Amino acid sequence: MQETAPPRTYRVKSFGCQMNVYDGERMAEMLAQRGIAPAPEGEEADLVVLNTCHIREKAAEKVYSDIGRLRREDGSSPLIAVAGCVAQAEGEEIMARAPAVSMVVGPQAYHRLPDMLDRAVAGERATDTDMPPIAKFDALPARRRTGPTAFLTVQEGCDKFCTYCVVPYTRGAEISRPYADLVEEAHRLVEAGAREITLLGQNVNAWRGEDGAGRGIGLGGLIRALAKVDGLERIRYTTSHPADMDEEMISAHGEVAKLMPFLHLPVQSGSDRVLKAMNRSHTADSYLRLLERFRAVRPDIALSGDFIVGFPGETDAEFEETLKLVDEVGYAQCFSFKYSPRPGTPAATMDGQIAKEVMDDRLQRLQAALNRDQLAFNRASIGKRCAVLVERKGKYPGQWLGKSPWLQSVHFTGEVQLGDIVTLELVEAGPNSLAGQLLAAVPA
Ligand code: 5AD
Ligand code: SF4
C-alpha cells in the first residue's frame, strides 16, 4: 500500500442490526473527533467504513461487491475499512482478496480505528479482530449529539449458541457494561437531546450488574434506575432471550411508567423438536406462559418476535406448529427469515437441509399470517389516544412522524417540534403505519 493524504471526509455504512447502527455512530464520533467530517450526500468520501453484518445469506459476497463499487475510474479507491461481524469472521480472507481494503476491524476492537487509520495513511494495512472484554467502551469518546431517540449498548455477546447462529462467534461471550457507566452515558445522551433510549444487547436481558449500593441487579433494576434520569421520557430494550427473563424484568413492565409497553421476544419456531435442535432452551408452551406473565402485569403490551422457517429437518407438520403459535400469540409485528446456513455453525452441516422452494413457500405463508395480525393490531388501535414522540419530519409539508408507545409509526400534522411528546388520537390504520390527529401538544 502507498502513503495517502489523511482523509478529510468519511462515510460509515452500517448493515444489519441496531447494535451495528450504534457501533457505526460511535465510529463516526471517533472520526469526527479527529477533525474528519461526514461526506456530503452524493459526494465521494475519502474514508469509507463498511460496518458489516454476517447473520444471514451471502454477507461476505456483498462486502466484496460494495468494495468493488467504491473503485474509481482510474482504478484507485478511497481508504476502506471493513468493520462489523464479517470483518470478525472473515478478516484474513478480506485482506487477501481485496487489496483496496486497508483496515479490518472487529466489533470489539473498533475503538482502535483511529490508530489503524494513522497506519493506513502511512501505507500499512492492519487487521484487528481481538476480543478484549469491555475495553472498547472505556476508550470511546463522550456522546455529543443525538436525535430524540438514541441507542445505548448495555450488553454484548452471546453464550447461548443457538445452532444456526454466528453471533456467539462474531460478537464473543456475554459481557455487561458496568452500571455506573450506563447511568452516566444515559445522562450524556439526554443532555445531547435524547428523550427515548433503547437499551441494546444481543441478549439485553442477560445484563447483570451492581447498583450504586452494591446490590446485584438485572436489566429490570437498570431500567428502574434509568427511569429516574430527568428528561428521559421513554425506555425500550432489545433483543431479549426467553431464558434470561426474570421477575424483576416482568414486574418493571407493570411498575415503570417510562418503560414502553412493547416486548420483542424471539421464539424462532413453534415446534418443540425444532426448538431443541436449535438449542433454544425453551418450548413453545414455556414461551407462551412467559408472555402470559407479561400480559398479566401490562395487559396492553405489544408483542414482537423473530422466526426462522426451513431449519434443517423442519417438516410440514412442524411448520404448522409455528403457524399455530402465531395464531395463539397475536403479534403486533415480527421479523421472519428463511434459514441460512452459516459457516462454522452446527446447523450448517445437519442432515435434512430444506429446499429453497419449500422455504419460500413457508416464509410466504408465515408472513401472510404475521401481516394479517399486524394489520389487525393496528386497526384495533383506531380510536385510542396515546402519547407519541415526534421523531422526524414527514414527506409532506407540516407532516410529522413519531412512534406510539407500542412502536407503531404514526404520521400527523400540527404545530409541534422534534422531540415533543404529544397526545394524538389514532384515526386510521394501514399495515405499516397509522394516522393520528393532534389533540394536545403535551402528553395526556
Ligand atoms: N438464518 C436465518 N435467520 C437467522 N437468524 C439468526 N441466524 C440466522 C440464520 N442462520 C435470525 C433469528 C434471530 C435474528 C436476529 O436473525 O431469527 O433472532
Ligand atoms: Fe444467536 Fe441464539 Fe445468541 Fe440470539 S440467542 S444471538 S439467535 S445464538
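Definitions and limits used
Residues numbered from 1 in each chain as written. Chains lettered and ligands numbered in written order. Predicted model: local features only at pLDDT ≥ 70, side-chain atom pairs only at ≥ 80, totals over all residues. Heavy atoms only, no water. Axes fitted to C-alpha atoms, helices over the stretch in contact; angles between N-to-C directions. Helix = DSSP H or I, 4+ residues; strand = E, 2+ residues; numbered from the N terminus. Left-handed = near helix turned anticlockwise from the far one by under 90°. Contact = heavy atoms within 4.5 Å. Nonpolar A, V, L, I, M, F, W, Y, C, P; charged D, E, K, R; others polar. Near = heavy atom within 4 Å. Polar contact = N/O pair within 3.5 Å; in protein donor to acceptor, adjacent residues only side chain to side chain. Domains from an automatic or database assignment. Salt bridge = Lys/Arg side-chain N within 4 Å of Asp/Glu carboxyl O. Buried < 20%, exposed > 50% of the residue type's maximum accessible area, 1.4 Å probe, protein only.

### Notes on the packing of helix α9 (residues 247–255) against helix α11 (residues 284–297)
At a closest axis distance of 7 Å, the pairing of α9 and α11 adopts a crossing angle of 35 degrees. For the pair α9 and α11, the crossing hand works out as right-handed. Residues E247, I250, H253 and G254 of α9 lie in contact with α11, whose contacting residues are L290, R293, F294 and V297. Tallied by class, the residues present in the contact of α9 with α11 amount to four nonpolar, two polar and two charged.

### Examining the site of ligand 2
Taken together, C158, K160, F161, C162, Y164, C165, V167, P168, N203, H241 and R280 make up all the residues around ligand 2. Its residues assigned to classes, the shell around ligand 2 comprises seven nonpolar, two polar and two charged.

### Here we look at the side chain of T9
Within the secondary structure layout, T9 lies in strand β1 (residues 9–14). One polar contact links the side chain of T9 to the main-chain amide nitrogen of D46, over a distance of 3.0 Å. Sequence-distant contacts of T9, that is, excluding residues within four places in its chain, are made with I36, A37, A39, E44, A45, D46 and L47.

### Digging into the domain arrangement of the protein
You can read the domains of the protein as domain 1 (9–128), domain 2 (142–250), domain 3 (261–380) and domain 4 (385–442). Distance between the C-alpha centres of domain 1 and domain 3: 33 Å.

### Topic: the pattern of salt bridges
As enumerated under the stated definition, the model contains 39 salt bridges in all. Put simply, R8 and D46 hold a salt bridge, and the shortest N to O gap is 3.9 Å. Linking R8 in the segment before β1 with D46 in the loop between β2 (37–38) and β3 (47–52), this pair joins segments that are 38 residues apart in sequence. The exposed category is assigned to R8, whose relative accessible area is 63%. Via salt bridges that share partners, D23, K136, E156 and R171 belong to a single interconnected network.

### A word on unusual backbone geometry
In most cases, non-glycine residues show a negative phi, while peptide bonds are predominantly trans. A cis geometry characterises the amide bond from T238 onward to T239, with omega recorded as 0 degrees. Mapped onto the elements of the fold, T239 is located in the loop between β13 (234–238) and α9. The phi dihedral of L407 is positive, around 65 degrees, even though this residue is not glycine. Tracing the backbone through its elements, the reader meets L407 in the loop between β18 (399–403) and β19 (409–413).

### Observations concerning the environment of R234
Note that R234 resides in strand β13. For R234, a relative accessible area of 3% gives the class buried. In the structure, R234 is positioned 155 residues away from L389 in sequence and 8.9 Å away in space, judged by C-alpha atoms. Sequence-distant contacts of R234, defined by excluding residues within four places in its chain, comprise R195, E196, I197, K258, M260, A387, V388, L389, K403, S404 and P405. Here the side chain of R234 touches K403 through a polar contact of 3.1 Å, landing on its backbone oxygen.

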